[in-house]
Amino acid sequence: MQTAAARDTAHTAAGLLQESLPFQVPQAVHTQDFERLKRLIRRPGHFQLIIAQFNAPKYRDTIIAAANAAGRNPAAVWTLAEQPDLGVLQTGLAEYAATASALHLVGLDRWLAMEPNPILQGHPVQPSPILQRLNYRRESIAAATRFPLVLWLAPGQVRDLAEQAPDLWAWRDAVLDFTLAPAAPPEFDRQSSRERSPVDAATARDRLAQIDTYLLDAPAIGSTADLLLEAATIHDALSEFDAAHERAEQALERYRALDNPRGVAAALGVIADGLETQGRIGEALRIRTDEQIPVLLRLGDKRAEGKALNKLGKTYAALGEFEKATACHEQALTIARADGDHLGEANTLLAIGRLALRTDDHSTARDAYQQALSLFRADNARLGEANTLLAIGDLALRIDDLAAARDAYRQALPLFRAGNERLGEANTLQGQGLLNLMEGDAAAAFRNFIELPTTFQSIGDRLGVQAVFGNMARAAAALGQIDRALCLAGESLALGRAAEDRFGQTITLELLVKLLQDAGDAAGWLAALMLYRELLAGMGDRRTLAQTDALWQQVVQQLSAAELELLRTQAPAHLETALAAARERFGSGDPTRLD
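Residues numbered from 1 in each chain as written. Predicted model: local features only at pLDDT ≥ 70, side-chain atom pairs only at ≥ 80, totals over all residues. Heavy atoms only, no water.

Chemist: So what exactly am I meant to see when it comes to empty space enclosed by the protein here?
Modeler: To find leftover empty space, one rolls a probe the size of a water molecule over the atoms. Per the stated rule, a full pass over the model turns up 7 cavities of 30 Å³ or more. By volume, the second largest cavity is sized at about 80 Å³. Taken together, Leu 49, Leu 89, Leu 93, Leu 105, Leu 108, Leu 134, Ile 141, Leu 149, Leu 151 and Leu 168 form the lining of the second largest cavity. Residue assignment for the lining of the second largest cavity shows that the elements contributing at least two residues are helix H4 (87–97) and strand E4 (148–153). Among the residues forming the lining of the second largest cavity, the class breakdown is 10 nonpolar, no polar and no charged. (1 Å grid on protein atoms, 1.4 Å probe; cavity = no way out; pocket = protein on both sides within 12 Å on 5 of 7 lines; lining within 4 Å. Points joined across faces, edges and corners; volume = space filled by probe spheres on them. Helix = DSSP H or I, 4+ residues; strand = E, 2+ residues; numbered from the N terminus. Nonpolar A, V, L, I, M, F, W, Y, C, P; charged D, E, K, R; others polar.)

Chemist: Would you explain the nonpolar core in this entry?
Modeler: With 93 residues, the main nonpolar core has Leu 512 and Leu 575 as its most contacted residues. The element best represented in this core is helix H27 (residues 522–539), accounting for 10 residues. Excluding its chain neighbours within four sequence positions, the residues that come into contact with Leu 512 are Leu 486, Ala 489, Leu 493, Ala 528, Leu 575 and Leu 579. With 27 residues, the next largest nonpolar core counts Trp 78, Leu 80, Leu 103 and Ala 142 among its residues. (Core = buried A, V, L, I, M, F, W, Y, C linked by side-chain atoms within 4.5 Å. Buried < 20%, exposed > 50% of the residue type's maximum accessible area, 1.4 Å probe, protein only. Contact = heavy atoms within 4.5 Å.)

Chemist: In this structure, what is going on with the sheet that holds strand E5 (residues 172–177)? I would like to understand it.
Modeler: Hydrogen bonds between backbone groups are what pair the strands of a sheet, and the pairing can be parallel or antiparallel. Here we have 5 strands laid out as an open sheet, ordered E2-E3-E4-E1-E5, and parallel in their pairing. Only two strands of the sheet have a single partner each, and these edge strands are strand E2 (76–79) and E5. This sheet shows a mean twist of 20° between the axes of neighbouring strands, independent of strand direction. Examined bridge by bridge, strand E1 (residues 48–53) and E4 share 6 bridges and lie parallel to one another. Its bridge partner lying in E4, Ala 52 is registered against Trp 152. Packing against the sheet, helix H2 (residues 31–40) makes contact with E1, strand E3 (103–106), E4 and E5, and its axis sits at approximately 145° to E5. (Pairing = 2+ DSSP bridges. Axes fitted to C-alpha atoms, helices over the stretch in contact; angles between N-to-C directions.)

Chemist: I would appreciate a short explanation of the packing of helix H17 (residues 342–358) against helix H19 (residues 382–398) in the present structure.
Modeler: In the contact formed by H17 and H19, the axes pass within 11 Å of each other and the chain directions differ by 20°. As summarised for this structure, H17 and H19 are arranged roughly parallel, according to the angle between their axes. As for how H17 packs across H19, the hand of that crossing is left-handed. Note on element contacts: H19 touches H17 through Asn 387, Thr 388, Ala 391, Asp 394, Leu 395 and Arg 398, opposite Leu 350, Arg 354 and Leu 357. In terms of residue class, the contact of H17 with H19 is made up of 4 nonpolar, 2 polar and 3 charged. (Parallel < 35°, antiparallel > 145°, perpendicular 65-115°, else oblique. Left-handed = near helix turned anticlockwise from the far one by under 90°.)

Chemist: Can you help me understand the pairing of E3 in this one?
Modeler: One face of the sheet, then the other: side chains in a regular strand alternate in exactly this way. In E3, alternate side chains face the same way, and those of Leu 103 and Leu 105 on one face and His 104 and Val 106 on the other are all buried. With 4 bridges connecting them, E2 and E3 associate as parallel partners. Of the residues in E3, the one forming a bridge with Trp 78 is Leu 105. With H4 bridging E2 and its parallel neighbour E3, the resulting β-α-β unit is right-handed. As paired elements, E3 and E4 share 3 bridges and run parallel to each other. Bridging from a neighbouring strand, Leu 103 pairs with Leu 149 of E4. (Right-handed = clockwise from strand over helix to strand, strands pointing away.)

Here is the structure:
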């Protein structure tokens, strides 16, 4: 139960939200369309069709309120019911015709987003039954609606209306744009370059069966260790991480009994890889730093040491310790070049590029990716080439070069599929979903994401699930479904915490700050902001921390030191309360399904 002081702090936060984050209505880019909207809704007496596209529900609502406040006869606002029911639409329009001078129709975007559409990659888009029926009923709608009618739709739905309801579209009097510029998508740790070779699944299964048969004969302990490690590697290549972990643990036990340090290091590497993919980053870090790398240093195996340092760098990056990550990759690059290990050099450059992208050093990332791509292609390393193309696509998204992103993903996808690389394929599909989102087609983005949680779960990749839940939340928010977005972002945050993925948590908390602002939940917004800033400070991410300081200073100025300290202790509870309220409002449905 909250104390009185905690409740007072929440009330202070409510006032702070209104003072700190007002919307400018309209934003400068929308001034011309806003003036047209005001003029159009002041022309009662005959049917006019006005299409208004938006991607932020709170901003849409403020636009409507501001436009209505400018006239003596404000337009009515009809918010459609949660579930689609076209039968009520014509009746409702007739009822509004008796009293309204103009009407804003809100919620049709939600109906369209909820339409069942089991689209899969490469399958044709099915026509919208709702848009088709609106097209057929256009005459009766116009007859019943003798006033300006404003349809508020998401950007991708405006295009669908033009294509699938062409006769109704021809009657439009104006198409107005009130979309807010989308932020570039965040860079989750969507790594699939695990330095393994593509395998033929049937051949791999045959070999696993041979190994199992041989192990039943209980041969000498040395050969069983090698066979178990081989089986672990095959399971890893098949993205069967639990089985890989079990076989690697068995191999490790035998290698230790034989005092075989090279085998011990190899088995530890497979175990750490699997733990990291499953989101158990702290355990992976301990194994690499305390067990695997010390063994390799004693052996003097520079090539293996370089590979382990690269993976250690990725582990540090997942924990937000970028300076340590950079040091690991630089050391690995020196080793690879001194040893003439071109593939090791390419993998290290790919890792350096990913780290640079995280810190917004786009020039370094681009140079590293291009060098890596040339090396992989020179060695005909298809998986490395695919991973680099995926990374190039992610960089292109970050800098808003959507055509380059589309081309990179298009090249990467068949390479992953040819190598039966499910993780890389899933990450590429996720990239294509982000591309849809940046193009303004949130419904297509959600459809691209919709099967990915199951895919990531099936291969034991909890960080992949975390990332895709966050991206589904962004798509849901763009569709105006804020409570659905909060449910998905809450799941993403919980997975990030369970995996100790501090970098992933910061991305999700940044998203929650925006979502809770849109939801009007002041206490939840302030809690998310505080947790976000504290995590950035703990990670030493000074660059991102500086970007939040202007807003944070407004918080500091309006709360006393005692109130700030109380809020710090209460912030997790406030955030959980906000997420629980969103889950209750959303209901018992599955937030990952739009139907």
